[in-house]
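Here are the chains, one letter per residue:
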Amino acid sequence: KLLKTSTMARSGIAKGKNSGHVTEQRELAVKPSRTKGKLGKRTALCREIAREVAGLSPYERRILDMIKTGGSSADKRVYKYAKRRLGSHKRAVAKREDIKAVNSKMRAKQAGA
């Protein structure tokens, strides 16, 4: 994988926006740090198996219950509860979406079977 930086070509003139010696733009390889945090196939599979075997933790079950029984303000209540448990906005929103996906999977399974 190659990464091309997008800068304007140099003019060869000492002053101005594109000042400097005229050089050819090199294509740089993508750094490994750019892929940090990306979910790999193996990790995803391991997590899926762990979720299948262990099931939901007690606080996740409570979130699922809130989603099932909650009315119009369920999203907000779930978010607030998850934020208290997990400590950050990003983690709370991600957990809420994750549990919603689990709920929809369960409903689809019940409808199919």
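In case you missed it, the structure is sitting above this.
Quick caveat: nothing in here was measured; it's all calculated off a predicted structure. (Residues numbered from 1 in each chain as written. Predicted model: local features only at pLDDT ≥ 70, side-chain atom pairs only at ≥ 80, totals over all residues. Heavy atoms only, no water.)

Draft legend 1. Examining the overall build of the protein chain more closely. Helix and strand counts for the protein chain come out as 4 helices and 2 strands. Along the protein chain, helices (α) and strands (β) appear in the sequence β-β-α-α-α-α when read from the amino end. Relative to the 2.2 N^0.38 estimate, which gives 13 Å for 113 residues, the radius of gyration of the protein chain is 24 Å and therefore markedly larger than a compact globule would have. With the C-alpha coordinates of the protein chain rotated into their principal frame, the extents come out at 70 × 30 × 25 Å. (Helix = DSSP H or I, 4+ residues; strand = E, 2+ residues; numbered from the N terminus. Rg over C-alpha atoms; globule rule 2.2 N^0.38 Å.)

Draft legend 2. Molecular detail of the pattern of salt bridges. Going through the model one piece at a time under the given rule, you end up with 5 salt bridges. The partner of arginine 51 in a salt bridge is aspartate 98, and the shortest N-O contact between them spans 3.6 Å. With a gap of 47 residues between them, arginine 51 in helix H1 (residues 41–54) and aspartate 98 in helix H4 (residues 89–112) connect regions that are remote in the sequence. By relative accessible area, arginine 51 is classed as partly exposed at 28%. A salt bridge links glutamate 97 to arginine 96, with the nearest nitrogen and oxygen atoms 3.4 Å apart. (Salt bridge = Lys/Arg side-chain N within 4 Å of Asp/Glu carboxyl O. Buried < 20%, exposed > 50% of the residue type's maximum accessible area, 1.4 Å probe, protein only.)

Draft legend 3. Structural context of the packing of helix H3 (residues 74–86) against H4. Running from amino to carboxyl end, H3 crosses H4 at an angle of 125°, the nearest separation of the two axes being 8 Å. The pairing of H3 with H4 is recorded here as oblique in orientation. Every pair of crossing elements has a handedness; the one defined by H3 and H4 is right-handed. Taken together, the residues of H4 that come into contact with H3 (itself represented by Asp75, Val78, Tyr79, Ala82, Lys83 and Leu86) are His89, Arg91, Ala92, Val93, Lys95, Arg96 and Lys100. By residue class, the composition of the contact of H3 with H4 is 6 nonpolar, 1 polar and 6 charged. (Axes fitted to C-alpha atoms, helices over the stretch in contact; angles between N-to-C directions. Parallel < 35°, antiparallel > 145°, perpendicular 65-115°, else oblique. Left-handed = near helix turned anticlockwise from the far one by under 90°. Contact = heavy atoms within 4.5 Å. Nonpolar A, V, L, I, M, F, W, Y, C, P; charged D, E, K, R; others polar.)

Draft legend 4. Molecular detail of the environment of glutamate 97. With respect to the helices, strands and loops of the structure, glutamate 97 is situated in helix H4. Spatially, the C-alpha atoms of glutamate 97 and aspartate 75 are 9.7 Å apart, while their sequence positions differ by 22 residues.

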